[in-house]
Amino acid sequence: MEISIVTKEDLKQLKKELLDEIKHLLENSTPIQKQWLRSSEVRKLLNISSGTLQTLRINGTLTYSKIGGSLFYSYKDIQKLLEQVTSH
């Protein structure tokens, strides 16, 4: 069995390499998209007013779920809506 001595400098170098690798991974990763969005996030994403969002809910263009007084919209449904609008 071979015995190796690890110095403080070795540990510092390992730490630097690990931190550099983590930074590299974080820089190259894509942000995770939330599955459900609140009304304010949808309005900002679509650049619409509260009234327009309400109209989309009422006429069934955009489905939603109500949980404890808050409305949530599926990100996938919003993507479908955007695709329909841009394809026409």
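The coordinates are above.
Because the structure is a prediction, the values reported are computed rather than measured.

Asks: Explain the packing of aromatic side chains to me, and be specific about the residues and the numbers.
Replies: Counted by the stated rule, this structure contains one aromatic pair. Ring plane angle 50° and centroid distance 6.3 Å describe the contact between Tyr64 and Tyr73, whose orientation is recorded as tilted. Between the NZ or CZ atom of Arg57 and the centre of the ring of Tyr64, over which it lies, the distance is 5.8 Å.

Asks: Got a sec to walk through the side chain of Ser39? Specific residues and values, please.
Replies: Mapping Ser39 onto the fold places it in helix H2 (residues 39-46). With near-sequence residues (within four places) excluded, Ser39 lies in contact with Leu53, Arg57, Leu71 and Tyr73.

Asks: Quick rundown of a nonpolar patch on the surface? Include the residues and the values.
Replies: A cluster of nonpolar side chains, namely Val6, Leu11, Leu14 and Leu18, defines an oily patch on the protein surface of about 380 Å² accessible area. With respect to the element layout, Leu14 can be found in helix H1 (residues 8-28). Owing to a relative accessible area of 45%, Leu14 belongs among the partly exposed residues under this scheme.

Asks: Before we move on, could you go through the nonpolar core and cite the residues and values that matter?
Replies: Leu37, Val42, Leu46, Leu53, Leu56, Leu62, Leu71, Tyr73, Ile78 and Leu81 form the largest nonpolar core, which has ten residues in total. Counting residues per element, the ones that place at least two in this core are H2, helix H3 (50-58), strand E3 (70-74) and helix H4 (75-87).

Asks: Break down the packing of H2 against H3 for me, citing the residues and quoting the values.
Replies: Two quantities define a packed helix pair, namely the angle between the helix axes and the distance between the axes. As a packed pair, H2 and H3 sit with axes 10 Å apart at the nearest point and diverge in direction by 105°. It follows that H2 is roughly perpendicular to H3 by the angle criterion. Where H2 approaches H3, its residues Ser39, Val42 and Arg43 are matched on the opposing element by Ser50, Leu53 and Arg57. Grouping the constituent residues of the contact of H2 with H3 by class yields two nonpolar, two polar and two charged.

Asks: Any chance you could break down the side chain of Ser74 for me, citing the residues and the numbers?
Replies: Looking at the element boundaries, Ser74 is found in strand E3. By relative accessible area, which is 11% here, Ser74 ends up buried. Beyond its immediate stretch of four places on either side in the chain, Ser74 contacts Gln35 and Trp36.

Definitions and cut-offs
- Residues numbered from 1 in each chain as written.
- Predicted model: local features only at pLDDT ≥ 70, side-chain atom pairs only at ≥ 80, totals over all residues.
- Heavy atoms only, no water.
- Phe/Tyr/Trp six-rings, centres within 6.5 Å; stacked < 30°, edge-to-face > 60°.
- Lys NZ or Arg CZ within 6 Å of the ring centre and 35° of its normal.
- Helix = DSSP H or I, 4+ residues; strand = E, 2+ residues; numbered from the N terminus.
- Contact = heavy atoms within 4.5 Å.
- Patch = residues over 30% accessible without salt bridge, like charges linked within 9 Å, V, L, I, M, F, W, Y side chains within 5 Å.
- Areas by Shrake-Rupley, 256 points an atom, 1.4 Å probe, with all protein chains shown as cover.
- Salt bridge = Lys/Arg side-chain N within 4 Å of Asp/Glu carboxyl O.
- Buried < 20%, exposed > 50% of the residue type's maximum accessible area, 1.4 Å probe, protein only.
- Core = buried A, V, L, I, M, F, W, Y, C linked by side-chain atoms within 4.5 Å.
- Axes fitted to C-alpha atoms, helices over the stretch in contact; angles between N-to-C directions.
- Parallel < 35°, antiparallel > 145°, perpendicular 65-115°, else oblique.
- Nonpolar A, V, L, I, M, F, W, Y, C, P; charged D, E, K, R; others polar.

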